[in-house]
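What follows is the residue order along each chain.
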Amino acid sequence: MRHRRRVKVAVVSAVAAVVLVVGAVVGGFAWLRWFAADDAADIQGTWYLAGTATPIEITGDRIKLTDDVAYRYGLDPGDKTIAFTFTNLAGSGCYRFSLDRQELALVDGSFTGADTLGRDIGWTIEALLKQLQGERLSPAEAGTEGLTLLSRTPTGTPAPKTSDDDKAAEVLM
């Protein structure tokens, strides 16, 4: 009888420990993804196309590519999606910041909150493991089509400016 009771206590204790660990992991991920930072505030400022010194200014409602080309955007920080309009054109995509919020990956396409959540779970785990090893993981996923990678730090030389508004708009659309 005592043996059976000990087994029950051990099983209940093991299940409780697993539930606590899973709860901590899920809670930590949720905090990191939705509550640790303010996407709307962090996206604002000067960004550079990765690998260049080409600046892109982002305000609370506009992305300014050149002096002549700016378009409206809106973020959904819950779903990690972005929608933008330029004259009569409209587009959408998803976004992800690096853990240190110094890089931003924008991916063109139609995404739901479930899509971005599924993509972000694996990336976040890998990014945290790399951080523990003293490395950084870019928010961009290799081989992703429609990807624009932005950095807070300029590198290289500025890309030549063009007066062709459609080409400038294509940078992020």
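This text follows the structure it describes.
Participant: When you look at the sheet that holds strand β1 (residues 45-49) in this model, what are you seeing that I'm missing?
Facilitator: Read once around its circumference, the closed barrel built from 8 strands follows the order β1-β2-β3-β4-β5-β6-β7-β8, with strand pairing classed as antiparallel. Here the strands of the sheet are splayed against their neighbours by 35 degrees on average, with no regard to which way each runs. Of the strand pairs in this sheet, β1 and strand β2 (residues 55-58) are connected by 4 bridges, and their pairing is antiparallel. Residue Gly45 lies in a different strand from β2, and its bridge partner there is Ile58.

Participant: Looking at this structure, how should I read the nonpolar core?
Facilitator: Considering soluble globular proteins, one finds that nonpolar side chains tend to be buried as a cluster. One finds Ile56, Ile58, Ile63, Tyr73, Ile82, Leu104 and Leu150 to be the most contacted residues of the largest nonpolar core, which totals 18 residues. In terms of residue count, the dominant contributor to this core is strand β5 (residues 81-86) (3 residues). Apart from the residues lying within four places of it in its own chain, the contact partners of Tyr73 are Ile43, Gln44, Ile58, Thr59, Gly60, Asp61, Arg62, Ile63, Ile82, Ala83 and Phe84.

Participant: Explanation requested: the pairing of strand β8 (residues 147-151) in the structure shown.
Facilitator: One face of the sheet, then the other: side chains in a regular strand alternate in exactly this way. Counting buried residues in β8 gives 4 out of 5 residues, a clear majority hidden from the surface. Sheet topology note: the β1/β8 ladder contains 2 bridges and is antiparallel. For Leu49, the partnering residue across the bridge sits in β8 and is Leu150. Pairing of strand β7 (residues 103-108) with β8, which is carried by 5 bridges, proceeds in the antiparallel orientation. Note that in β8 the partner of Glu103 across the bridge is Ser151.

Each value, and the rule that gives it
- Residue indices follow the written sequence of each chain, beginning from 1 at its first position.
- Side-chain atom pairs in this predicted model are given and counted only at pLDDT of 80 or more, local residue features only at pLDDT of at least 70, and totals for whole chains, interfaces and linings cover all residues.
- Side-chain measures were taken over the full set of non-hydrogen atoms in the model, leaving aside hydrogen atoms and water.
- Two strands qualify as a pair provided that DSSP identifies no fewer than 2 bridges between them.
- For the purposes of this entry, the term helix denotes a DSSP run of H or I that reaches at least four residues, the term strand denotes a run of E that reaches at least two, and both are numbered from the N terminus.
- Only the stretch in contact is used when fitting a helix axis, every axis being a line fitted to C-alpha atoms; angles between N-to-C directions are given from 0 to 180 degrees.
- Nonpolar cores were defined as sets of buried Ala, Val, Leu, Ile, Met, Phe, Trp, Tyr and Cys residues, with membership established by side-chain atoms within 4.5 Å.
- Residue burial is assigned from relative accessible area. The probe radius is 1.4 Å, only protein chains are included, and a residue is buried under 20% of its type maximum, exposed over 50%, and partly exposed in between.
- Residues count as neighbours in contact if any of their non-hydrogen atoms are within 4.5 Å of one another.

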